[in-house]
Amino acid sequence: MKMKYVSIAALLAAALASPTALAQKTIKIGNTNPYSGPASAYGTIGKTIGAYWKMVNEKGGINGRMVEWISYDDGYSPPKTVEMARRLVEQDQVLLIFQSLGTPPNSAIHKYMNAKKVPHLFVATGATKWNDPKSYPWTMGWQPNYQTEGRIYAEHILKNNPKAKIGVLYQNDDYGKDYLKGFKDGLGDKVSMIVKEVSYEVADPTVDSQMVQLQASGADTFFNITTPKFAAQAIRKAYDSGWKPTHYLNNVSASIGSVLKPAGLEKAVGLISTQYIKDPLDEQWKNDASVNEWKAFMGKYYPDGNLADASNIYGYTVAQTMHQVLKQAGNDLSRANIMKQAANLKNFRPETLLPGIRINTSATDFAPIESEQLIRFDGKEWKRFGAILGK
Amino acid sequence: MIVVALVLLAACMLPFVVSNYRTFQFTLALVYAIALLGLNMLTGYNGQISLGHGAFYAIGAYTAAILMDQYGVPYWATIPAAAVVCLIAGFLFGLPALRLEGLYLALATFALAVSLPALLKYHHLEQWTGGVQGIVLLKPDAPFGLPLNPDQWLYFFTLAITVLMFVLAWNILRGRMGHAMVAIRDQHIAAEAMGIHTAMVKSMTFGISAMYTGIAGALGAIAIQFVAPDSFNIFVSIMLLVGVVIGGLASISGAIYGALFIQFVPNIADAISKAAPWAIFGIFLLGFVYVMPMGIAGAVRMAVARLTRKAQNQAAKP
Amino acid sequence: MQELLHQVLAGLATGGIYASLALALVMIYQATHLVNFAQGEMAMFATYLAWSLINAGMPYWPAFLLTVVLAFVLGVVIERVIIRPVENAPVLAVVVVFIALLVILNSVTGWIYSYTIKSFPSPFPAEPIFGQYVTSHQGGAIGVTLVVLLLLFLFFRYTPLGLAMRAAAQNPDSARLVGIRVGWMLALGWGLAAAVGGVAGMMVAPIVFLDPNMMGGVLLYAFAAALVGGIDNPAGAVFGGFLVGVLENLLGAFVIGNELKLAVALVLIIGVLVVKPSGFFGKVLVTRV
């Protein structure tokens, strides 16, 4: 009986004496992802990142500290994201929130994270607004933003086919409209080249009707701003109905495994898109060391994960970026220093990025990846062409 | 009566014993309780099935958000505005819905909930609704220098409105209107024969029900500080229906049980399994329906009845 | 003019999708007088079973038949195990059970098969045989839906079992008196609906691609189609499916634009229902006080 008291007292004393020491033994990283609901296809990103930290911990952690990954389901519903972000920050007391997914969910917690001064890092959305260090010094995006990508296609069209008649299909939400805006900005005063723009809703079963409208408009160039399922439908319909326009596909769906294969590789020949991460199903990376490393990682730490799903290599690559920031932070795991290090990435290169693409940030540049390369599908692999675009 | 007083007392103590985050969660639970009470009047008491109350929740939320964002209206003044807008919207929707019963009404309401996000995104309304980007709001501080932080203040504000709405509901339901509602649900032809203006009562019920849900939506928007079309998909409506049934149809206290269920059970499901949180949630649903087919309120009622009977039996024994 | 024709044909093709699931909804309604919100997810799950069979090397048609049988068994099991305990519960409690089924099936399928889309084979030739506007699969799928409709018609009209099922649904008490095992008739109804749903899933998947959320968007259209045609009339449901598909396309392309086409289509349907509360071909129910 006495023993018990003594040990409880000892435990209490230990707990009271060193809250900071305890806190510093682990690095708590928070996250929200849609593990349920209509956007659950993206939930695999959170699972890949969780597996990544498991690997890091097995190899001894970061600067001797273990990573504790706390990821909650928000079902892609902004109110739930707010609740979960508060739980992470106020109850779990995470050091930072990393890779929370989706533009509307992140918009909902944007102000909160900055008011609380908690790093809100490398959010999983390509909206342009995350690169705003002046007004939101605690929030940072990661992937190339949608508007820039839209501009790249516009410039390519202006250069190669200035008489093009363009049809656009876009998802009727923030993501689709961001792409469309960048594309229109890129066309500038030639915006009348767009002869038809049609939208679809995520709940629509098919986009066949929209494709018929585009075909009937007489467009000879097609900008396809769709998520994987609809991209595959549109690629197939454009081919089957004999339209066969010059087809620009947004990077969101430029995955051989999860889009082109289901649509039929022969129907995807000639597609133009952009890329910044290696596509694991692309023949040219068959013997690539970094892709094989990723495959080995998947096999060991996330065996349920689908190797054809581009989200999984995305998760792996973005986790490496977070890893780098924490490495750089060294023993100063204050939130201010995390932000400082996140804004101090110099020529960092996870090898799963395309050759030549590097991550650079600074106090005035909160856009880690700003370059991508145009690619064209030849039926087997994405052929890169032209220079690396952007910074 | 004593129970109600005790619950109220506990509710007032709550923000001082739990964290701000928990306080915020309970604020949301109160918001859902108001919405569920509204849906329960329509579905539980009046027998009209709505699969689309998320739409009224959204209308209330957007009314509050637009007034605050565009016209600088103070947050507390948006609540009555949301109430009026939703009362009218509900009443108007209730008029054609009069001819629809059962499944057909379910479809009509379902359609309303599915179409509303598209309407919120519609580009001609964008200047008010903020389109796909939604509207970001500011969190109100406690007035009059009260020593409360914003979470606590919002909790008490919501609690006060919740109490008001419950008292109002209690009065409506035990008055003429309430009896008419139940009479129409159980025997609508007989009710008509007895001189109840069926059409009026049904449309009015629809309006009042929508008003409750709209007030909840406005409070929800203020608590979350953000509205966007993605916040109001069809699952909001489905969750409200689930809450009403699990809480207990045709029961005022059921709204509270249901609100606690839809606020907290999804989090429990998420904690149990990341791989398939919905599967766990579904199993919870099945479990509750099997064990308590009349909802939690029904089960409580039966338990109380059994206990009192036992007590009476014992007292009767010499 | 050409676009109009193309839109109508594309609308018929998507309408075929709605029609096939609407048929399953009508089936379950005939047997139980309830609309099963999990019908779409059951169909989706059955389609994944078919996908597994085909991936394991089974040729298409045997896999198709086996899936129909498996779906039937799945339906019967669900009725016996999950629905039976709430037989006497209020209608809305049953609706919650349907919602539970929906989320469980959706989540479990995603867990087993992941959420990436999969292509699902079509039994019909790749070359267009109906002109370039409609793929041969779309044409074939409409044909299959019509065949299923015919089989159901014959089954309910001419077989003793079909008659018994109808009797059990319409008047359980009297049916029991003449010796029909009402409980099993309900289970059979579930099985049949699930089997019809399985066929629908296998016809839909090659068009929209197979993923766990494949039927989410279709369900509302199917629900609307079933009601506008008359919830107790299989032929009406099929007609409703085509009507909804064509109406939606024409509104989107020529009248209101894609953003609001669903909303306007639904308003029109509800308008029809306000005027004709039993749908175009539904029986007008007369209830006794």
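For clarity, every value in this text was computed on a predicted model and none was experimentally measured.

### Let's talk about the overall build of chain A
- Looking only at helices and strands, one finds 13 helices and eleven strands in chain A.
- Here the C-alpha radius of gyration of chain A, 23 Å, is about what a compact globule of 391 residues would show, namely 21 Å.
- By its C-alpha atoms, chain A is 85 × 45 × 40 Å across when sized along the principal axes.
- Among the 391 residues that make up chain A, the fraction classed as buried is 58%.
- For chain A, long-range pairs separated by at least 24 residues make up 68% of all intrachain contacts whose partners lie at least 6 apart in sequence.

### A word on the overall build of chain B
- Helix and strand counts for chain B come out as 14 helices and two strands.
- Residues counted as buried form 55% of the 318 residues belonging to chain B.
- A sequence separation of at least 24 residues applies to 76% of the contacts in chain B between residues at least 6 apart.

### Here's the deal with the domain arrangement of chain A
- What the domain assignment lists for chain A is domain 1 (2-144 + 289-371) and domain 2 (146-275).
- Of the residues contributing to the side of domain 1 of chain A that touches domain 2 of chain A, the split by class is seven nonpolar, three polar and one charged.

### Focus on the interface of chain A and chain B
- Of the residues lining the interface, 25 residues belong to chain A; the matching set on chain B comes to 24 residues.
- Looking at the side of chain A that touches chain B, the elements with two or more residues in it are β2 (66-73), α4 (78-91), α5 (103-116) and α7 (174-187) of chain A.
- With eight residues, α4(A) is the largest single contributor of residues to the side of chain A that touches chain B.
- A class-by-class count of the residues in the side of chain A that touches chain B yields eight nonpolar, seven polar and ten charged.

### Overview of the sheet that holds strand β4 (residues 120-121) of chain A
Residue and element names in this part refer to chain A.
- What the four strands build is an open sheet, ordered β2-β1-β3-β4; its pairing is parallel. Each of the sheet's edge strands pairs with one partner strand only, and the pair in question is β2 and β4.
- Direction of pairing for strand β3 (residues 96-98) relative to β4: parallel, over a ladder of two bridges. Residue pairing in the sheet places F98 in a bridge with L121 of β4.
- Set on the sheet, α4 makes contact with β1 (26-33), β2 and β3; between it and β1 the angle comes to about 175°.

### Remarks on the interface of chain B and chain C
- In this assembly, 34 residues from chain B lie in contact with 35 residues from chain C.
- For the side of chain B that touches chain C, the elements supplying multiple residues, two or more each, are α5 (103-121), α11 (234-247) and α13 (277-291) of chain B.
- It is α5(B) that provides the largest number of residues to the side of chain B that touches chain C, a total of eleven residues.
- Considered class by class, the residues forming the side of chain B that touches chain C number 30 nonpolar, two polar and two charged.

### A few points about helix α5 (residues 136-158) of chain C
All names here are of chain C.
- The terminal C-alpha atoms of α5 lie 32 Å apart, and with 23 residues this matches the ideal 33 Å at 1.5 Å per residue to within 8%.
- For α5, the full list of buried residues reads H137, Q138, G139, G140, A141, I142, T145, V148 and L149.
- Taken together, the buried residues of α5 touch α1 (2-32), α8 (182-208) and α10 (234-255).

### Points about the nonpolar core
- Ranked by internal contacts, the top residues of the largest apolar core, which has 337 residues, are B:I215 and C:A22.
- The biggest single contributor to this core is α8(C), with 18 residues.
- For this core, the domains that each give at least three residues are domain 1 (2-144 + 289-371) and domain 2 (146-275) of chain A.
- In this structure, B:I215 is in contact with B:I34, B:G60, B:I79, B:A82, B:A83, B:I161 and B:M165, ignoring residues within four places of it in sequence.

### Observations regarding the environment of C:A222
All names here are of chain C.
- Mapped onto the fold, A222 is located in helix α9 (residues 216-229).
- Residue classification places A222 among the buried positions, given that 32 C-beta atoms sit within 10 Å.
- Along the sequence, A222 and S136 sit 86 residues apart, while their C-alpha atoms lie 22 Å from each other.

### A look at the pairing of strand β10 (residues 371-377) of chain A
Residues and elements named next belong to chain A.
- Within β10, six of the seven residues are buried, which leaves the element mostly enclosed by the surrounding structure.
- As defined by bridge partners, strand β9 (residues 272-275) adjoins β10 across four bridges and the pair is classed as antiparallel. Bridged to Q275 within β10 is Q373.
- As judged from the six bridges shared by β10 and strand β11 (residues 382-390), these two strands associate in the antiparallel manner. Within the sheet, the bridge partner assigned to F377 lies in β11 and is W382.
- Two successive antiparallel strands, β10 and β11, enclose a turn made up of four residues, where G379 displays a positive phi of approximately 105°.

### With respect to the pairing of strand β5 (residues 166-171) of chain A
Residue and element names in this part refer to chain A.
- Across the six residues of β5, six count as buried, placing the element largely inside the fold.
- Neither face of β5 is open: one carries I166, V168 and Y170, the other G167, L169 and Q171, and all of them are buried.
- Two elements, β5 and strand β6 (residues 194-200), share six bridges in a ladder whose sense is parallel. The residue of β6 that forms the bridge with G167 is K196.
- Read as a crossover between parallel neighbours, the route from β5 over α7 to β6 is right-handed.
- In terms of strand pairing, β5 meets strand β7 (residues 221-225) through five bridges, oriented parallel. Note on β7: the bridge partner recorded for G167 is F222.

### Considerations on unusual backbone geometry
Residue and element names in this part refer to chain A.
- At Q93, a position not held by glycine, the phi torsion is positive, near 55°.
- Its location among the elements puts Q93 in the loop between α4 and β3.
- The exposure class of Q93 is exposed, given the 11 C-beta atoms found within 10 Å.
- Here the phi dihedral of Q99 falls at roughly 65°; this positive angle occurs in a residue that is not glycine.
- By secondary structure assignment, the location of Q99 is in the loop between β3 and α5.
- Classification of Q99 by C-beta neighbours within 10 Å gives buried; the count is 26.

### Focus on the packing of α9(C) against helix α11 (residues 261-275) of chain C
Residues and elements named next belong to chain C.
- Remark: α9 packs on α11, axes separated minimally by 10 Å, with the N-to-C direction vectors making an angle of 25°. With respect to each other, α9 and α11 are oriented roughly parallel. Seen from above, α9 lies across α11 with left-handed handedness. The residues of α11 that touch α9, namely those facing A224, L227 and V228, are L266, I269, V272 and L273.
- Here the contact of α9 with α11 is built from residues that sort into seven nonpolar, no polar and no charged.

### Side note on the confidence of the model for chain A
- Averaged over every residue, the pLDDT of chain A is 89; residues scoring 70 or more account for 94%.
- Predicted confidence for residues 1-23 of chain A stays below pLDDT 50, and this span has zero contacts to residues more than four positions away or in other chains.

### Observations regarding the environment of B:G282
- Tracing the chain through its elements places B:G282 in helix α13.
- Separated by 80 residues in the primary sequence, B:G282 and B:K202 place their C-alpha atoms 32 Å from one another.

### Observations concerning the packing of α4(A) against α5(A)
Residue and element names in this part refer to chain A.
- The interhelical angle for the contact between α4 and α5, taken along N-to-C directions, is 35°, at an axis separation of 8 Å. For the element pair α4 and α5, the recorded crossing hand is right-handed. Two secondary-structure elements touch here, α4 through P78, T81, V82, A85 and V89 and α5 through P104, P105, A108, I109, Y112, M113 and K116.
- Tallied by class, the residues present in the contact of α4 with α5 amount to ten nonpolar, one polar and one charged.

### Quick look at the environment of C:R181
- Relative to the helices and strands, C:R181 is located in the loop between α7 (172-177) and α8.
- Here C:R181 falls in the partly exposed class, since 13 other C-beta atoms lie within 10 Å of it.

### A closer look at helix α3 (residues 43-58) of chain A
All names here are of chain A.
- With 16 residues, α3 should reach 22 Å at 1.5 Å per residue; the first-to-last C-alpha distance of 23 Å fits that figure.
- Inspection of α3 places G43, T44, I45, G46, K47, T48, I49, G50, A51, Y52, W53 and V56 among the buried residues, and these make up the whole buried set.
- Those residues of α3 that are buried are in contact with β1, β2, α11 (289-301) and α12 (310-329).
- A positive backbone phi angle near 105° is found at G60, which sits one or two residues after α3.

What counts, and at which threshold
- Residues numbered from 1 in each chain as written.
- Chains lettered and ligands numbered in written order.
- Predicted model: local features only at pLDDT ≥ 70, side-chain atom pairs only at ≥ 80, totals over all residues.
- Helix = DSSP H or I, 4+ residues; strand = E, 2+ residues; numbered from the N terminus.
- Rg over C-alpha atoms; globule rule 2.2 N^0.38 Å.
- Buried ≥ 20, exposed ≤ 12 C-beta atoms within 10 Å, placed from the backbone.
- Contact = placed C-beta atoms within 7 Å.
- Domains from an automatic or database assignment.
- Nonpolar A, V, L, I, M, F, W, Y, C, P; charged D, E, K, R; others polar.
- Pairing = 2+ DSSP bridges.
- Axes fitted to C-alpha atoms, helices over the stretch in contact; angles between N-to-C directions.
- Expected span 1.5 Å × (residues − 1).
- Core = buried A, V, L, I, M, F, W, Y, C linked by C-beta atoms within 7 Å.
- Right-handed = clockwise from strand over helix to strand, strands pointing away.
- Parallel < 35°, antiparallel > 145°, perpendicular 65-115°, else oblique.
- Left-handed = near helix turned anticlockwise from the far one by under 90°.
- pLDDT = per-residue confidence, 0-100.

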